[in-house]
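Take a look at the letters that make up each chain.
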Amino acid sequence: MGNKKRYTGAEILIDALQKEGVDTIFGYPGGVLIPLYDALYDCKTMDVVLTRHEQGAAHAADGYARVTGKAGVCMGTSGPGATNLVTGIATAFLDSIPMVAISGQVATPLLGTDAFQEADLVGVTRPITKHNFLVKDIKELPEVIKKAFYIANSGRPGPVLIDLPKDVTTATMTGYSYPETIEMRSYRPNLDGHPGQIKRAATAIKRAKKPLVYAGGGVIISGAQKELIHLAETIDAPVTTTLMGLGGFPGDHNLFVGMPGMHGSKAANYALQNSDLIISVGARFDDRVTGDVSKFAPHAKIIHIDIDPASISKIITVDIPVVGDAQRILAELNKVVQPAKHEEWRAYLHGFKESYLYGYKNKSDVLMPQYVIEEMHRITGGDAFVTTDVGQHQMWAAQYYHFANPRRWITSGGLGTMGFGLPSAMGASFALDRGPVWSISGDGGFQMNLQELATIKINKLPVKIIILNNKYLGMVRQWQDIFFNKRYSSVCLTADCSCDGCGTEQECDTRGSYMPDFIRLSESYDIPARRVTDPGSITEALEWARDTEGPVLLECMVSPEANVFPMVAPGAALDEIIEDEELQDE
Ligand SMILES: Cc1ncc(C[n+]2csc(CCOP(=O)(O)OP(=O)(O)O)c2C)c(N)n1
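Residues numbered from 1 in each chain as written. Predicted model: local features only at pLDDT ≥ 70, side-chain atom pairs only at ≥ 80, totals over all residues. Heavy atoms only, no water.

As annotated in an unreviewed UniProt entry, the protein is Acetolactate synthase from Chitinivibrio alkaliphilus ACht1. Word for word, the UniProt comment on the protein under Sequence similarities (unreviewed entry) is "Belongs to the TPP enzyme family." Per its UniProt entry, the protein bears the Catalytic activity (unreviewed entry) comment "2 pyruvate + H(+) = (2S)-2-acetolactate + CO2". (UniProt positions renumbered as here; feature names shortened; annotations may be inferred.)

Right under this line is the structure:
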């Protein structure tokens, strides 16, 4: 844009988004956003996606970002539109996902007056954004947008909110030019690790007898898979990746010992508890991984490679911190580590891995959810883009879909957001230029954002929706089963449940009729759907889902009683593992 013309704030925003390379915006209009949507009306370079709920827009932007690695963009109008974005912003924040969220705001003279549809989004999102801005003058707008993208995408990525009052959107200015670069004295992420610390890490690795690589989402964010494989193979160390790190190391590699933590593999948890050196790369020691912190990895020295200095020794005291980008640090470390062999250590762990990493008993008369995921893995060749909601199905997907490559696994790890699966699949599909994405949900979580079926259908997105229907809020039921004496309070989703609050009696008839009828629901959105009840039909049904053009929905009626194993009780030590009794009996 030249300098002489007058531009509105809305036009500046759109030009800036284009200059940032944004090709897709997910949002929902409203009073104060109308000027912005009006300016977008003529925009030919961006897909402006009308979701059916602002939460859907935020999760879609998140899914887009997880696939592409660049900030997803979402927007909602002032007040309720903006607050509807909040869950999606928090989800992105806890998983370090780059996002620029734009909230409409009432005009600046009305700020603080409880005006119609006013909500203090800067206040609301302060603890769940990497940074946020309230733009009070159009002159600030270009720099704010530049900063927002820079902050969202750099260092430890995260969501940035731009709160945009209506009068700033409609104000005009001449002399607009978008800054090419940005200088922020108070914010300069450190990318290169300290050479002295890298050397110390190499020395510790050389001394270790039982080294373990513990990799998190940071490996995916920094694109360090190749370097990680090189390190692990050179030093002959087993590797565990957190839920967020799945795909950061190939799930079928012989050094891989599975995911650690509450539903981690026995091999991974024993590896952590018995290791003498943990090489943590881009992982933050979440409590779902560490269990009882005081009993976590009692014999290990800890090297912690992380781009965020604030996460060093935040939860676990670290011996050798290396602050910087995981890929760069691993590349440097690979230059100085010496090849080693740890056959005994690996053989010890392999013992736990030998028969199975996780394990379940398959049945010929009941459809087991784990089997559905295994078959899905097989018929998609193990390289599908997969999103989930939160619950048992999420853990089974994490355990049984052995992700080989990064950016294929899209799940809400930190916040654990039910309702994330369908809209994030939509965003991921846009990121893949309307490519196929598999969305796995429970029957509970699917109902939290099912309105996005419309967006998916209208945009012709080949989202393959798999509902693992166990007629329960399964993960909560599992906790009630194990820790609350089978008092199934408020977890049964059947329509004719007659057990009086689902709590006192244990004979809730989970074979009763069910609501809603997902098949008819899906068909009302003109999305073909099928229901599978027996194990013999699942493979063919999955192939049908894969081979049918466009979106489809496959409802799998799985065992209502299946639980996720192994399990470490909250607050227990990692080697206090509850296993599947059915497997013990064998
Ligand atoms: C928005 C939200 N509300 C509540 C929860 C708590 N929660 C975690 S798992 C779960 C049950 C999920 O049930 P379902 O979607 O049917 O999946 P399943 O566990 O049966 O696979 C609940 C209620 C959550 N994670 N997110």
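A. Inspection of the overall build of the protein at higher detail. Helices and strands together make up the secondary structure of the protein, namely 23 helices and 21 strands. For a compact globule of 586 residues, the expected C-alpha radius of gyration is about 25 Å, and the protein comes in at 25 Å, within 12% of that figure. If one aligns the C-alpha atoms of the protein with their principal axes, the spans along those axes are about 80 × 65 × 45 Å. For the protein, the proportion of its 586 residues judged to be buried stands at 60%. In the protein, the proportion of contacts linking residues at least 24 apart, taken out of those at least 6 apart, comes to 74%. Looking at the protein as shown, the accessible area adds up to about 23,400 Å², and 50% of this sits on carbon and sulfur atoms. In the protein, 54 positive and 69 negative side-chain charges are present, and the distance between their average locations comes to 7 Å. (Helix = DSSP H or I, 4+ residues; strand = E, 2+ residues; numbered from the N terminus. Rg over C-alpha atoms; globule rule 2.2 N^0.38 Å. Buried < 20%, exposed > 50% of the residue type's maximum accessible area, 1.4 Å probe, protein only. Contact = heavy atoms within 4.5 Å. Areas by Shrake-Rupley, 256 points an atom, 1.4 Å probe, with all protein chains shown as cover. Lys, Arg positive; Asp, Glu negative; His and termini not counted. Charge placed at Lys NZ, Arg CZ, Asp CG, Glu CD.)

B. Layout of the pairing of strand β4 (residues 72-76). β4 sits mainly inside the fold: five of its five residues count as buried. Side-chain alternation along β4 places Gly72, Cys74 and Gly76 on one buried face and Val73 and Met75 on a second face that is also buried. Across four bridges, the pairing between strand β2 (residues 24-28) and β4 is parallel. The residue bridging isoleucine 25 from the neighbouring strand is valine 73, located in β4. The pairing of β4 with strand β5 (residues 99-105) spans five bridges and is parallel. Across the sheet, the residue bridging to glycine 76 is serine 103, located in β5. (Pairing = 2+ DSSP bridges.)

C. Examining the environment of glycine 413 more closely. Structurally, the position occupied by glycine 413 is in the loop between β15 (409-410) and α17 (421-431). Here the alpha-carbon distance between glycine 413 and glutamate 549, two residues 136 residues apart in the chain, equals 30 Å. The contact partners of glycine 413, leaving out residues within four places of it in the chain, are Asp95, Leu243 and Met244.

D. Local environment of the UniProt feature "domain: Thiamine pyrophosphate enzyme central" (unreviewed entry) in the protein. According to UniProt, the feature "domain: Thiamine pyrophosphate enzyme central" (unreviewed entry) maps to residues 198-333 in the numbering used here. Counted over residues 198-333, helix gives 35% and strand 17%. Its end C-alpha atoms are 6 Å apart.

E. Up close: the site of the ligand. In the region of the ligand, 17 residues are neighbours, and Gln392, His393, Gly416, Gly445 and Gly474 sit closest. A distance of 2.9 Å separates an oxygen atom of the ligand from a polar atom in the side chain of asparagine 470. Within the backbone of methionine 475, an N or O atom sits 2.9 Å from an oxygen atom of the ligand. Isolated, the ligand exposes 580 Å² of accessible area, and the fraction of that covered by the protein chains is 75%. A breakdown of the residues in the shell around the ligand according to their chemical character gives seven nonpolar, nine polar and one charged. (Near = heavy atom within 4 Å. Polar contact = N/O pair within 3.5 Å; in protein donor to acceptor, adjacent residues only side chain to side chain. Nonpolar A, V, L, I, M, F, W, Y, C, P; charged D, E, K, R; others polar.)

F. Quick peek at the sheet that holds strand β3 (residues 47-50). Read across the open sheet, the six strands follow the order β3-β2-β4-β5-β7-β6; overall the sheet is parallel. Pairing within the sheet leaves two strands with one partner each, and these edge strands are β3 and β6 (131-134). Neighbouring strand axes in the sheet, compared pairwise and without regard to direction, differ in orientation by 20 degrees on average. Relative to the sheet, helix α4 (residues 80-94) contacts β4, β5 and β7 (159-165), its axis offset from that of β5 by approximately 160 degrees. (Axes fitted to C-alpha atoms, helices over the stretch in contact; angles between N-to-C directions.)

G. Broad picture of the packing of aromatic side chains. Taken as a whole and judged by the stated rule, the model has 17 aromatic pairs. An angle of 85 degrees between the planes, with centres 5.3 Å apart, marks the rings of tyrosine 348 and phenylalanine 352 as edge-to-face. With a gap of four residues between them, tyrosine 348 and phenylalanine 352 both fall in helix α14 (residues 343-353), about one helical turn apart. Pairing tryptophan 479 with phenylalanine 483 gives two aromatic rings, centres 5.7 Å apart and planes at 80 degrees, and the pair type is edge-to-face. Within this pair, tryptophan 479 and its partner phenylalanine 483 are both found in helix α20 (residues 474-483), separated by four residues, close to a single helical turn. Its relative accessible area of 32% is what places phenylalanine 483 among the partly exposed residues. (Phe/Tyr/Trp six-rings, centres within 6.5 Å; stacked < 30°, edge-to-face > 60°.)

H. Looking closely at the packing of helix α8 (residues 195-207) against helix α13 (residues 326-336). Closest axis-to-axis distance for the α8/α13 pair is 9 Å, and the angle between their directions is 55 degrees. On the basis of the axis angle, α8 is oblique to α13. In terms of crossing hand, the pair formed by α8 and α13 is right-handed. Residues Ile198, Ala201, Ala202 and Ile205 of α8 pack against Ile329, Glu332, Leu333 and Val336 of α13. When the residues that make up the contact of α8 with α13 are grouped by side-chain class, the tally is seven nonpolar, no polar and one charged. (Parallel < 35°, antiparallel > 145°, perpendicular 65-115°, else oblique. Left-handed = near helix turned anticlockwise from the far one by under 90°.)

I. Summary view of empty space enclosed by the protein. Scanning the entire structure with this criterion turns up four cavities of 30 Å³ or more. In this structure, the largest cavity spans a volume of roughly 60 Å³. In terms of lining, the largest cavity is formed by Leu246, Gly247, Phe249, Gly251, Phe256, Tyr358, Ala398, Gln399, Tyr401, His402 and Phe403. Considering only residue class, the lining of the largest cavity consists of seven nonpolar, four polar and no charged. When residues of the lining of the largest cavity are sorted by domain, at least three fall in each of domain 2 (195-355) and domain 3 (369-564). Taken as a whole, the second largest cavity holds about 50 Å³ of empty space. Along the lines of polarity and charge, the residues of the lining of the second largest cavity split into six nonpolar, one polar and two charged. (1 Å grid on protein atoms, 1.4 Å probe; cavity = no way out; pocket = protein on both sides within 12 Å on 5 of 7 lines; lining within 4 Å. Points joined across faces, edges and corners; volume = space filled by probe spheres on them. Domains from an automatic or database assignment.)

J. Structural detail: the nonpolar core. In terms of nonpolar packing, the biggest core is built from 72 residues, with Ile303, Leu333 and Ile466 touching the most fellow members. Here this core spans two domains, since at least three of its residues come from each of domain 2 (195-355) and domain 3 (369-564). Setting aside chain neighbours within four positions, we find leucine 333 in contact with Ile198, Ala201, Ala202, Ile205, Leu231 and Ile305. Membership of the second largest hydrophobic core comes to 48 residues, among which are Phe26, Ala60, Val67 and Ile410. (Core = buried A, V, L, I, M, F, W, Y, C linked by side-chain atoms within 4.5 Å.)

K. Layout of the pattern of salt bridges. All chains considered together, the criterion is met by 27 salt bridges. The partner of aspartate 62 in a salt bridge is arginine 66, with the nearest N and O atoms 2.4 Å apart. With aspartate 62 and arginine 66 both in helix α3 (residues 54-68), this residue pair falls four residues apart, about one helical turn. The exposure class of aspartate 62 is buried, given its relative accessible area of 0%. Notably, a salt bridge pairs arginine 188 with glutamate 183, separated by 3.0 Å at the nearest N-O pair. The exposure classification of arginine 188 matches that of glutamate 183, with both residues exposed. Each member of the salt-bridge network shares a partner with another, and the members are Asp517, Arg520, Arg531 and Glu555. (Salt bridge = Lys/Arg side-chain N within 4 Å of Asp/Glu carboxyl O.)

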